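What follows is the residue order along each chain.
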Amino acid sequence: MPDSVYLDHAATTLLRPEARDAMLAALEGRWGNPSSIHRWGRDARAALDDARARFAAVIGASPAEIVFTRGGTEADNLALWGRARLAPGAPLACSAVEHSAVLNALRAAGDAGHLIHLLPVDGNGLVDLDSLHHLLAADEKPAIVSVMWANNEVGTLQPVDEIGAMCRDAGVIFHSDAVQALGKVPVRADRTAVDLLAFSAHKLGGPRGVGALYIRRGTAIQPLLQGGGQERGMRPGTEDVAGAIAFAVAAELADAEREVEMTRLAALRDRLESELAARVPGLVLNAAGAPRLPTISNVSVPGADAEMLLIGMDMEGVAVSSGSACSSGAVTPSHVLTAMGVAPEAAGPSVRFSLGRGTTEADIERVIDIFPTVAARVRI
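Residues numbered from 1 in each chain as written. Predicted model: local features only at pLDDT ≥ 70, side-chain atom pairs only at ≥ 80, totals over all residues. Heavy atoms only, no water.

Caption draft 1: Highlighting a nonpolar patch on the surface. The grouping of Met308, Ile311 and Met315 at the surface amounts to a nonpolar patch, some 320 Å² of accessible area in total. Along the chain, Met315 falls in helix H8 (residues 306–315). For Met315, a relative accessible area of 69% gives the class exposed. (Patch = residues over 30% accessible without salt bridge, like charges linked within 9 Å, V, L, I, M, F, W, Y side chains within 5 Å. Areas by Shrake-Rupley, 256 points an atom, 1.4 Å probe, with all protein chains shown as cover. Salt bridge = Lys/Arg side-chain N within 4 Å of Asp/Glu carboxyl O. Helix = DSSP H or I, 4+ residues; strand = E, 2+ residues; numbered from the N terminus. Buried < 20%, exposed > 50% of the residue type's maximum accessible area, 1.4 Å probe, protein only.)

Caption draft 2: Structural context of the domain arrangement of the protein. According to the domain assignment, the protein consists of domain 1 (5–13 + 258–378) and domain 2 (17–253). Put simply, the middle of domain 1 and the middle of domain 2, counted by C-alpha atoms, are 27 Å apart. Listed as interface residues are 27 residues of domain 1 and, on the opposing side, 29 residues of domain 2. Taking both partners together, domain 1 and domain 2 bury about 2,300 Å²; carbon and sulfur atoms supply 55% of that area. Across the contact surface, domain 1 and domain 2 share 0 salt bridges. Taken together, domain 1 and domain 2 are joined by 14 residue pairs in polar contact (both at pLDDT 80 or more). Going through the elements one at a time, helix H7 (241–279), strand S10 (296–300) and helix H9 (335–339) are the ones with two or more residues in the side of domain 1 that touches domain 2. With 4 residues, H9 is the largest single contributor of residues to the side of domain 1 that touches domain 2. Classifying every residue of the side of domain 1 that touches domain 2 by side-chain character gives 14 nonpolar, 9 polar and 4 charged. (Domains from an automatic or database assignment. Contact = heavy atoms within 4.5 Å. Buried area = accessible area lost by both parts, 1.4 Å probe. Polar contact = N/O pair within 3.5 Å; in protein donor to acceptor, adjacent residues only side chain to side chain. Nonpolar A, V, L, I, M, F, W, Y, C, P; charged D, E, K, R; others polar.)

Caption draft 3: Structural view of the nonpolar core. Ranked by size, the top nonpolar core spans 70 residues in total, and within it Phe55, Val145 and Phe199 carry the most contacts. The dominant element in this core, judged by the number of residues it contributes, is H7, at 11 residues. Split by domain, this core shows at least three residues from each of two domains, domain 1 (5–13 + 258–378) and domain 2 (17–253). (Core = buried A, V, L, I, M, F, W, Y, C linked by side-chain atoms within 4.5 Å.)

Caption draft 4: A look at the packing of aromatic side chains. A full pass over the atoms with the stated rule returns 3 aromatic pairs. On the basis of an interplanar angle of 75 degrees and a centroid distance of 5.4 Å, the ring pair of Phe55 and Phe199 is categorised as edge-to-face. Here the residue Phe55 occupies a position in helix H2 (residues 39–59), and Phe199 occupies one in strand S7 (residues 196–200), the gap between them amounting to 144 residues. A relative accessible area of 0% means that Phe199 is categorised as buried. Relative to Phe371, the ring of Phe353 has its centre 5.3 Å away and its plane inclined at 75 degrees; by these criteria the two rings are edge-to-face. Of this pair, Phe353 sits in strand S15 (residues 350–354) while Phe371 sits in helix H11 (residues 361–377); the two residues are 18 residues apart in sequence, bridging distant segments of the chain. Taken together, the aromatic side chains of Phe55, Phe199 and Phe247 make up a single cluster linked through ring pairs. Directly above the aromatic system of Trp40 lies the positively charged group of Arg39, at a separation of 4.1 Å from the ring centroid. (Phe/Tyr/Trp six-rings, centres within 6.5 Å; stacked < 30°, edge-to-face > 60°. Lys NZ or Arg CZ within 6 Å of the ring centre and 35° of its normal.)

Caption draft 5: Structural context of H8. The set of residues buried in H8 consists of Ala306, Leu309, Gly312 and Met313. Here the buried residues of H8 occupy an arc of 130 degrees about the axis, which is enough to place them on one side. In H8, the exposed positions that point more than 90 degrees away from the buried face belong to Asp314 and Met315. The residue sitting at the N-terminus of H8 and contributing the capping side-chain oxygen is Asp305; that oxygen lies 3.3 Å from the backbone nitrogen of Glu307. Just past H8, the residue Gly317 takes up positive phi, approximately 85 degrees. (Arc of directions from axis to C-beta.)

Caption draft 6: Main features of unusual backbone geometry. Even without being glycine, Arg232 reaches a positive phi, approximately 55 degrees. Structurally, the position occupied by Arg232 is in the loop between strand S8 (211–215) and H7. The class of Arg232 is partly exposed, set by a relative accessible area of 46%. Of note in this structure, Ala287 is not a glycine but carries a positive phi near 65 degrees.

This is the structure we're talking about:
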């Protein structure tokens with residue numbers, strides 16, 4: 001589509017050419033099993049070790065603290081279930097606006113006998129630190145607290161430094177889903193009191209199906225899978241050497257470009273928001289009062305039909321997503337906006353615009369021209 005605009009980078013991003021080239025080179029030249037002792041295996045092992053060291057350097061970690069996984073969801077589950085298994089029946093806690101990878105993992109843990117605490121958030125999606133303080137001061141402390149670094153729907157940046165310090169003072173393990181944050185804001189394990197961090201390659205120009213979990217040295221968790229001793233026994237199964245290499249390349253590039261690129265995208269996001277607010281009557285900018293990712297803008301359109309709004313934008317060649325989840329054709333309110341106190345019947349359906357490396361000024365101008373017309377057309 002010649003005039004198409006892709007503003008769904010928070011869902012997935014285009015594979016970077018550099019990551020693709022590194023991946024192809026590994027698939028062709030380093031295809032041995034890294035657990036084998038012959039030269040093909042040793043070559044693959046050396047490449048995997050190099051990828052681990054390069055990725056670790058990006059987040060200020062030791063290579064021994066990085067476990068490669070099949071994605072962010074697996075990394076989150078490994079962290080949460082891996083901790084829960086060491087403390088049967090112990091309380092577990094997370095914010096009410098977590099990604100489903102965290103929420104559903106903890107719901108399953110609740111079914112298995114754990115008491116689950118959902119930390120409330122304010123109208124901007126920021127965790128209520130008083131609630132966290134009371135939880136950490138309780139006689140029975142949680143085995144783990146999970147608060148995402150950056151929200152995938154509205155872009156809210158949580159005060160992870162403060163949360164981490166609170167958890168550390170209380171002797172509680174702190175996990176953060178940093179899938180949306182890496183490459184967009186500084187994410188450094190050596191500067192934040194965080195014990196477990198989850199990452200995903202395809203959110204920053206790497207391949208799908210590759211992720212990583214940072215496990216601070218001395219943090220005890222149990223593996224989810226049983227098998228060989230790969231990834232220090234934390235993630236058994238033959239490693240995806242090519243995927244790990246591509247992930248490391250993409251992470252290095254995203255981190256190196258971060259300051260310049262995020263400044264550019266923040267300016268584009270701000271222009272998009274100001275123009276849409278002026279052109280769409282009643283438009284609500286969600287989480288406007290919180291520190292946010294430069295790449296995400298979430299707006300609500302009172303009186304609009306949720307499904308028709310997204311379809312209308314798609315018909316105009318613009319890819320955006322909704323703050324609602326669609327399952328079997330049924331549109332349900334976003335749990336994030338609900339936790340923030342945004343009533344869908346009053347605020348209307350939400351649309352997430354998520355910018356990325358390929359987003360141009362012309363893309364934003366096109367959306368500014370198209371969205372008000374589509375919004376007016378689908379208002380009930």
